[in-house]
Amino acid sequence: MSFFVLAAILLITLPLSILVFQAISADAGTRKLVRRNLIVGPVLKAPSSRTPNEALTGAARRLVPASYAARLDKLLVRAGRPAGMPFERLIVIKPLLGLGVFFIGLLFLFNAPGKLGVFLLLVSTALAYFTPDVLLDSRGKTRQEEIQLALPNTLDQMLIAVEAGMGFEAAMARAARTGSGPLAMELSRTLQDIQMGRTRADAYQALVERTDVRDLNTFVRAIVQADKYGIAIGKVLRTQANEMRLKRRQRAEEQAMKVPVKILFPLIFTILPVLFIVVLSPAIVGIIHLLGGGGL
């Protein structure tokens, strides 16, 4: 076995091993420190004592530009900050994925060198590096659609509670407690911000920034203006609920109008050729037999 093959195998197994170790024990150092504090009491951690995970996370954070780190954090916020993918783990996994794919492709490139191989190596490395971004963006868009779909029903629940004599925040708490999905979670988070001393306007604005849903932004602005100018909250909720239901119906009609355009290409390239074969095959076979008999 040549030296290049051994080096390639080593370069492949090393980052993959680090990736598996990071995925399995992402917070082992913190858990160890908590257990020690529970047994022997709080112990101040020396500034120079860093666990391997913390050192790896610090190195990865230094390699990520500030603007790109802000974009990743925004994607995580829009996706609801998945518990299995915190920011520290994400910035470590991304370069490890890219390096793993790069070294695997490098092994194939040694066996079959060429310009096409180099191009495929670079493209596959870039795809592996940005795959977590695409997955987070897709999850964030799905979450936004769920919030947008659940917003009219939630507003109806809040309107019923307000008209029954409850306050706006109590109605919001009831809707968050009885509801499910990302909108109920975001409403609970907003109420927690208000309970922690944050102003209502700031808490509502943080809700809009986390979700980035246009309809929710419209509702929040209406609520803030109603609170500022003393407008009856029940009237605002009724108006917003009617508007949200109208928008939901319009979006459904828009999606229904797009269906004929979406099925046009599958109809042309899959259904029509088969239909032509079924309809014209007997005629073609008859013509072939007729011409063959006439030739005899």
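Residues numbered from 1 in each chain as written. Predicted model: local features only at pLDDT ≥ 70, side-chain atom pairs only at ≥ 80, totals over all residues. Heavy atoms only, no water.

Enquirer: Where do I start with the overall build of the chain in this structure?
Expert: The helix and strand inventory of the chain stands at 12 helices and 0 strands. Beginning at the N terminus, the succession of helices and strands in the chain can be written as α-α-α-α-α-α-α-α-α-α-α-α. Per-residue burial over the chain gives 31% buried out of 296 residues. Taking contacts inside the chain between residues at least 6 apart in sequence as the whole, the part at least 24 apart equals 62%. If you sum the accessible surface of the chain, you get close to 19,300 Å²; carbon and sulfur atoms cover 68% of it. (Helix = DSSP H or I, 4+ residues; strand = E, 2+ residues; numbered from the N terminus. Buried < 20%, exposed > 50% of the residue type's maximum accessible area, 1.4 Å probe, protein only. Contact = heavy atoms within 4.5 Å. Areas by Shrake-Rupley, 256 points an atom, 1.4 Å probe, with all protein chains shown as cover.)

Enquirer: Any chance you could explain the side chain of Thr190 here in plain terms?
Expert: Topologically, Thr190 is positioned in helix 8 (residues 182-195). Only 2.9 Å separates the side chain of Thr190 from the backbone oxygen of Glu186, close enough to count as a polar contact. Those residues in contact with Thr190 that lie beyond four places of it in its chain are Ala203, Tyr204, Leu207 and Arg210. (Polar contact = N/O pair within 3.5 Å; in protein donor to acceptor, adjacent residues only side chain to side chain.)

Enquirer: What am I meant to see in the environment of Ala201 here?
Expert: Take Ala201: it is sitting in helix 9 (residues 200-211). In this structure the C-alpha to C-alpha distance between Ala201 and Lys228, which are 27 residues apart in sequence, comes to 9.6 Å.

Enquirer: It is not clear to me how the packing of aromatic side chains should be interpreted in this structure. Could you clarify?
Expert: The description of two aromatic rings rests on the distance between their centres and on the angle between their planes. Evaluated as defined, the whole model comprises 6 aromatic pairs. Between the aromatic rings of Tyr129 and Phe130, the centroid separation amounts to 5.1 Å while the plane-to-plane angle is 90°, which identifies the pairing as edge-to-face. When its relative accessible area of 23% is taken as the criterion, Tyr129 is described as partly exposed. Taken together, a centroid distance of 6.3 Å and an interplanar angle of 90° make the contact between Phe168 and Tyr204 edge-to-face. Taken together, the positions of Phe168 in helix 7 (residues 168-178) and Tyr204 in helix 9 put the pair 36 residues apart, joining distant regions of the chain. For the pair Phe168 and Tyr204, one class covers both residues: buried. By the ring-pair criterion, three or more aromatic residues cluster together here, those being Tyr68, Tyr129 and Phe130. (Phe/Tyr/Trp six-rings, centres within 6.5 Å; stacked < 30°, edge-to-face > 60°.)

Enquirer: Explain unusual backbone geometry to me, please; I cannot follow it from the model alone.
Expert: For residues that are not glycine, phi is negative in most cases, and the peptide bond is trans in most cases. Unlike most non-glycine residues, Arg81 shows phi in positive territory, near 50°. Take Arg81: it is sitting in the loop between helix 4 (66-78) and helix 5 (87-111). For Arg81, a relative accessible area of 43% corresponds to the partly exposed category. Backbone geometry places Asp212, a non-glycine residue, at a positive phi of 60°. On the secondary structure map, Asp212 appears in the loop between helix 9 and helix 10 (214-229). Accessibility expressed as a relative area gives 42% for Asp212, which makes it partly exposed.

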